[in-house]
Amino acid sequence: MSEALTAAAPAHGRAAPTEWGSREMQGRLRRRYAAEQRFRLMGIGAFLVAAGFLVILLVTIVSAGWNSFRSAEVQVPVVLDPVTLGVAPDERDPERLARADFQAAVAESAARAGLPPFVVSDGGWLAVRERLASDPSLLGQTVPMWLTAQSHIDLLAKGAFDLESDESERAVSDLEVETFRALKAEGKLRLVLNRHFLFGADSVDPELAGIWGALKGSFLVLVVTLALSFPVGVFAAIYLEEFAPRNRWTDMVEVSINNLAAVPSIIFGLLGLAVFLNTFNMPRSAPVVGGLTLALMTLPVIVVSARAALKAVPPSIRDAALGVGASPVQVVFHHVLPLAFPGVLTGTIIGLARALGETAPLLMIGMRAFITSVPQGFTDPATVLPVQVFIWSDNVQRGFVEKTSGAIIVLLLFLLLMNSVAIFLRNRLEVRW
Amino acid sequence: MSVDMVNVAGREADAGRRPPKMTARDVHVWYGETHAIKGVSMDISMDDVTAFIGPSGCGKSTFLRCLNRMNDTIDGCRVEGRIELDGHDIHAPSMDVVQLRARVGMVFQKPNPFPKSIYENVAYGPRIHGLARSRADLDNVVEQSLRRSGLWDEVKDRLSASGTALSGGQQQRLCIARAIAVDPEVILMDEPASALDPIATAKIEELIDELRGRYAIVIVTHNMQQAARVSQKTAFFHLGSLVEYGNTRDIFTNPREVRTKDYITGRYG
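All figures in this text were calculated on a predicted structure; none of them were measured in a lab. (Residues numbered from 1 in each chain as written. Chains lettered and ligands numbered in written order. Predicted model: local features only at pLDDT ≥ 70, side-chain atom pairs only at ≥ 80, totals over all residues.)

Caption draft 1: Local environment of unusual backbone geometry. A positive phi angle is found at Ser285 of chain A, which is not glycine, with a value near 65°. What makes Ser285 of chain A buried here is the crowd of 21 C-beta atoms within 10 Å. For Glu191 of chain B, which is not glycine, the phi torsion reads 45° and is therefore positive. Within the element layout of this structure, Glu191 of chain B appears in the loop between β7 (186-190) and α8 (198-211). (Buried ≥ 20, exposed ≤ 12 C-beta atoms within 10 Å, placed from the backbone. Helix = DSSP H or I, 4+ residues; strand = E, 2+ residues; numbered from the N terminus.)

In structure tokens:
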């Protein structure tokens, strides 16, 4: 047979298949390398496209949002007249001073300085109260103070409008533009770090709206989610992977868990509404309910990934531990779980990151309410970062555009911080073989 | 010494010998529908190293794993028949499987130290069984075990180094040290040298010889020369049955069964 083949080959004028230097072989080799080259270029191209989209996203958000971290202030000579403030001329009691009518004093001072009513923000008096609290002797004097400007002045100071266009085509009136120019020329306008945004909660006025309330709400919700879904998820995974018998029932449980991991999140919101609010009468808009709802959603993700991590531990380790007489629970807790822990942690972080970005289920349990105070506990009404982004993006006021992007920046930073902690923990716990 | 035992073991009576440590009577094992072990009966003595030989898939490892009930951990595995340790049924409800595995230790084919320090590897067994009363006690057990496994001089300066950083042969001796740290009565070895080079293999064989008499040792091996070198008793398994069991010298020089002779001389397997 082989003799026939070797004899036939030259007769057809073709080189034998194993003649490595032949022209056909060279051609095959060239085509193989060309195919590999094409494949690598395709890979690099896909990576560049993905990286490009990411860069575009980040650049857009940061350029639109970084202005929300600073705000404009107007200098106003504030007349601290005890009569307007409604306090005694020599009042020194901090509580009564704090309850003085600062709004009236600011309005009167602004009018006296010839400023139209749209310059100083409705929250401008907060700075006056602070100043008087730190130095009550100022009562009765006229003190130049920097007060938060209203949204349009704020936006003008940051150059958000095209001033060359016609009045009808922009959101600010010519009067506002003129006032802004005059203030700027007199040096009575400055841009400072936006404390309202960094340390406050939501407000109807964009210049007073803050992200801290939503940030803290997100934090509280995630604490509840983690405290509930991590232990329950990990123990469920340990039971199913290490102890449960393999039969029809456990197969059904497994299929159900995999399906639950893919259920749309709004369904979990409806479940939370029906069970936690309507049946158990838990407080509406509270982080504890948000956390419980998101825990339901995160649980299957943690179970599935923890099982995969447990399965990846080599069986030889189980044999070794059983072989020296470890009980099944000791095998799991002394050997299998420590080795699987980095993987379990990765799954948990993926689940939590998804919970952090979740909006829909929280809308169902009332966390999209307009809440102007920072939550102080798990049962206080609160909102969360993605819901805050949603609420602000829905607002018609021009000032909320940059706030929306600012909130997205804060959300991304929160996510980055969370993932960094997880990667740090994972590297610390990783066992080198 | 009973007549029955002489028949099963097929050896000349010896007045200085101790009664058998483990006895198996008519043991059957099923993996699902597969009948893997078909009625094996055998005595295992404290005085001998017993070698199990036979072609792949003949059931020698399966039978070995019956002796410390490691087959319990395999889904769909069913064991029938009576296996006794010092006359007590190892499947009896009164027999605690965790204690059984401490008394009947095991060394696996692939060295499988825990990814922990050398010290922790050896100390783990004594610790979970509460065998050491103090830290000094534990240090002592670790040192004794490592000395007996011939590893002490090589690792005494780096007990906190990872057990997985050792060479293959050292890892296997560490696994033996781990097994003897709980002071077992029987040590089961499932092809302990098959993943090692000849020098490491020679060390393991020396070690087995040194441990003989202190523990009842059962070793599964594919290596005929190894069985001949280290064991005093040899059992030849084929297709789930125990074909021949007797003194190693007799099995290798004068087998009674044709199948044994064919296997030993390399006719098949």
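Alright, that's what it looks like, and here's the rest.
Caption draft 2: Region of the structure containing the interface of chain A and chain B. Each side of the interface is counted separately: chain A has 16 residues, and chain B has 22 residues. At the level of secondary structure, the elements contributing two or more residues to the side of chain A that touches chain B comprise α14 (315-323) and α15 (328-356) of chain A. Classifying every residue of the side of chain A that touches chain B by side-chain character gives 8 nonpolar, 6 polar and 2 charged. (Contact = placed C-beta atoms within 7 Å. Nonpolar A, V, L, I, M, F, W, Y, C, P; charged D, E, K, R; others polar.)

Caption draft 3: Looking closely at the sheet that holds strand β5 (residues 88-89) of chain B. Residue and element names in this part refer to chain B. Taken together, 4 strands build an open sheet; the order of strands is β2-β1-β4-β5 and the sheet is antiparallel. Strands with a single pairing partner mark the edges of an open sheet, and in this sheet they are β2 (34-44) and β5. Bridging between strand β1 (residues 22-31) and β2 involves 8 bridges; their strand directions are antiparallel. From the neighbouring strand, Met22 faces β2, where its bridge partner is Ile44. (Pairing = 2+ DSSP bridges.)

Caption draft 4: Highlighting the pairing of β7 of chain B. Residue and element names in this part refer to chain B. Counted residue by residue, β7 has 5 buried out of 5 residues, so it is predominantly covered. With burial as the criterion, each face of β7 is covered, one bearing Val186, Leu188 and Asp190 and the other bearing Ile187 and Met189. Pairing of strand β6 (residues 104-107) with β7 involves 4 bridges; the strand directions are parallel. Its bridge partner being in β7, Val104 is matched across the sheet by Val186. As defined by bridge partners, β7 adjoins strand β8 (residues 216-220) across 5 bridges and the pair is classed as parallel. In the strand pairing of β8, Leu188 is matched with Val218.

Caption draft 5: Quick look at the packing of helix α7 (residues 168-180) of chain B against α8 of chain B. Residue and element names in this part refer to chain B. Remark: α7 packs on α8, axes separated minimally by 9 Å, with the N-to-C direction vectors making an angle of 20°. It follows from the interaxial angle that α7 and α8 lie roughly parallel. Handedness of the crossing formed by α7 with α8: right-handed. Mapping the contact onto sequence places Gly168, Gly169, Gln172, Arg173 and Ile176 in α7 and Ala200, Lys203, Ile204 and Leu207 in α8. Taken together, the residues of the contact of α7 with α8 sort by class into 4 nonpolar, 3 polar and 2 charged. (Axes fitted to C-alpha atoms, helices over the stretch in contact; angles between N-to-C directions. Parallel < 35°, antiparallel > 145°, perpendicular 65-115°, else oblique. Left-handed = near helix turned anticlockwise from the far one by under 90°.)

Caption draft 6: Looking closely at the nonpolar core. The biggest cluster of nonpolar side chains holds 75 residues, and the ones touching the most others in it are Val27, Phe52, Ile187, Leu188, Ile217, Val218 and Ile219 of chain B. When residues in this core are grouped by element, the largest group, 6 residues, is from α7 of chain B. Of all hydrophobic cores here, the second largest spans 60 residues; its members include Ala214, Leu220, Val344 and Leu385 of chain A. (Core = buried A, V, L, I, M, F, W, Y, C linked by C-beta atoms within 7 Å.)

Caption draft 7: Looking closely at the environment of Arg259 of chain B. Residues and elements named next belong to chain B. Tracing the chain through its elements places Arg259 in helix α11 (residues 258-264). Residue Arg259 is classed as partly exposed on the basis of its C-beta count, with 18 C-beta atoms lying within 10 Å. C-alpha separation for the pair Arg259 and Cys77, spaced 182 residues apart in sequence, amounts to 28 Å. The contact partners of Arg259, leaving out residues within four places of it in the chain, are His238 and Val243.

Caption draft 8: Representation of the environment of Arg368 of chain A within the structure. Residue and element names in this part refer to chain A. In this structure, Arg368 sits in the loop between α16 (360-364) and α17 (385-393). For the pair Arg368 and Val384, spaced 16 residues apart in the sequence, the C-alpha separation amounts to 8.2 Å. Setting aside anything within four residues of it in sequence, one finds Arg368 in contact with Leu363, Thr383, Val387 and Ile391.

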